[in-house]
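# Structural features, examined
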Amino acid sequence: GQPIVLPGDCARNHGRYTEALAQVQSALNGASADSPARPRLELALAAVEVARSNYPAGCQSLRRLSAQTLPAPLARETRRWLAQCFFGQGDYLAAARELDPLSDWAERHPTEPGAASILSQAGRLAAERLEWGQARRQLNQAIRSAVAAGDALTESSSRGDLANVEFRYGQAGSKRH
């Protein structure tokens, strides 16, 4: 399965943050305060903020959302973006606290929506922490999960991340000898 699709995803994924913000704001303006769609729209807005490196706004919204009772897929996606927010700020310990339970779930359910994205992000986090074996394992799992789900974007980015890990691991290995 594919990850949750949020308003503004296409524009956000292509770095068109102003366009993504406008799309999400338009959807939010059309949703009542008690609309069941509101948490999904708030997540979309927070995701754009994190993607454009506005971590204070993104993290604040994501923390507020994560304190709510959300359907499981939306709760996982909220925690994934919160982990990305911490990752972007260089707080790898906080990112791991959010991501570790998600990656455990994704390893058990690799064909569920969002599993490939979670495994890919977990692999990048492990690489930043210089945990090469774990990074390789999770990125390979992300690739398999993305292929099974038909998620070409996550497959491609995971393959690139794996190549980077292999290069960095090789560099680290050569320094040990």
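Let me begin by describing the structure that accompanies this report. Note that this is a predicted model, so its numbers are computed, not measured. (Residues numbered from 1 in each chain as written. Predicted model: local features only at pLDDT ≥ 70, side-chain atom pairs only at ≥ 80, totals over all residues. Heavy atoms only, no water.)

## Quick look at helix H8 (residues 132-149)
In a regular helix each residue adds 1.5 Å, so 18 residues correspond to 26 Å; H8 covers 25 Å between its end C-alpha atoms and thus fits that length. Those residues of H8 that fall on the buried side of the exposure criterion are Trp132, Ala135, Gln138, Leu139, Gln141, Ala142, Ile143, Ser145, Ala146 and Ala149. Among the residues trailing H8, glycine 150 stands out with phi positive, at a value near 70°. (Helix = DSSP H or I, 4+ residues; strand = E, 2+ residues; numbered from the N terminus. Expected span 1.5 Å × (residues − 1). Buried < 20%, exposed > 50% of the residue type's maximum accessible area, 1.4 Å probe, protein only.)

## Side note on the packing of helix H7 (residues 115-128) against H8
Angle between the axes and distance between the axes are the two parameters that describe a pair of packed helices. At a closest axis distance of 8 Å, the pairing of H7 and H8 adopts a crossing angle of 160°. Taken together, H7 and H8 sit at an angle that is classed as roughly antiparallel. Between H7 and H8 lies a crossing whose hand is left-handed. Across the interface between the two elements, Ala115, Ala116, Leu119, Ser120, Ala122, Gly123, Arg124, Ala126 and Ala127 from H7 touch Trp132, Gln134, Ala135, Gln138, Leu139, Gln141, Ala142, Ser145 and Ala146 from H8. Taken together, the residues that form the contact of H7 with H8 break down as 11 nonpolar, six polar and one charged. (Axes fitted to C-alpha atoms, helices over the stretch in contact; angles between N-to-C directions. Parallel < 35°, antiparallel > 145°, perpendicular 65-115°, else oblique. Left-handed = near helix turned anticlockwise from the far one by under 90°. Contact = heavy atoms within 4.5 Å. Nonpolar A, V, L, I, M, F, W, Y, C, P; charged D, E, K, R; others polar.)

## As for H7
Taking 1.5 Å of rise per residue, the 14 residues of H7 would be expected to cover 20 Å, and the 20 Å separating its terminal C-alpha atoms lies within 8% of that figure. Judged by how many residues are buried, H7 sits mostly within the fold: 12 of 14 residues are covered. Every buried residue of H7 is accounted for by Ala115, Ala116, Ser117, Ile118, Leu119, Ser120, Gln121, Ala122, Gly123, Leu125, Ala126 and Ala127. Once H7 finishes, leucine 130 follows within two positions and takes phi at roughly 60°, a positive value.

## Describing the pattern of salt bridges
Taken as a whole and judged by the stated rule, the model has 11 salt bridges. One salt bridge connects arginine 38 with glutamate 42, and the closest N-O pair in it is separated by 3.5 Å. Here glutamate 42 and arginine 38 lie together in helix H3 (residues 38-51), a separation of four residues that amounts to about one turn. Looking at glutamate 42, the relative accessible area reads 21%, which means it is partly exposed. Here glutamate 107 and arginine 137 are joined by a salt bridge, their closest N and O atoms 2.9 Å apart. (Salt bridge = Lys/Arg side-chain N within 4 Å of Asp/Glu carboxyl O.)

## A word on the nonpolar core
Counting 40 residues, the largest nonpolar core has Leu43, Leu62 and Leu99 as the members making the most contacts within it. Broken down by secondary-structure element, the contributors of at least two residues to this core are helix H2 (17-29), H3, helix H4 (55-66), helix H5 (72-88), helix H6 (92-108) and H7. The biggest single contributor to this core is H3, with eight residues. Ignoring sequence-local partners within four residues, the contact set of leucine 62 consists of Leu43, Ala46, Val50, Thr78, Trp81, Leu82 and Cys85. If you look at the next biggest cluster of nonpolar residues, it comprises eight residues, including Ala127, Trp132, Ile143 and Leu162. (Core = buried A, V, L, I, M, F, W, Y, C linked by side-chain atoms within 4.5 Å.)

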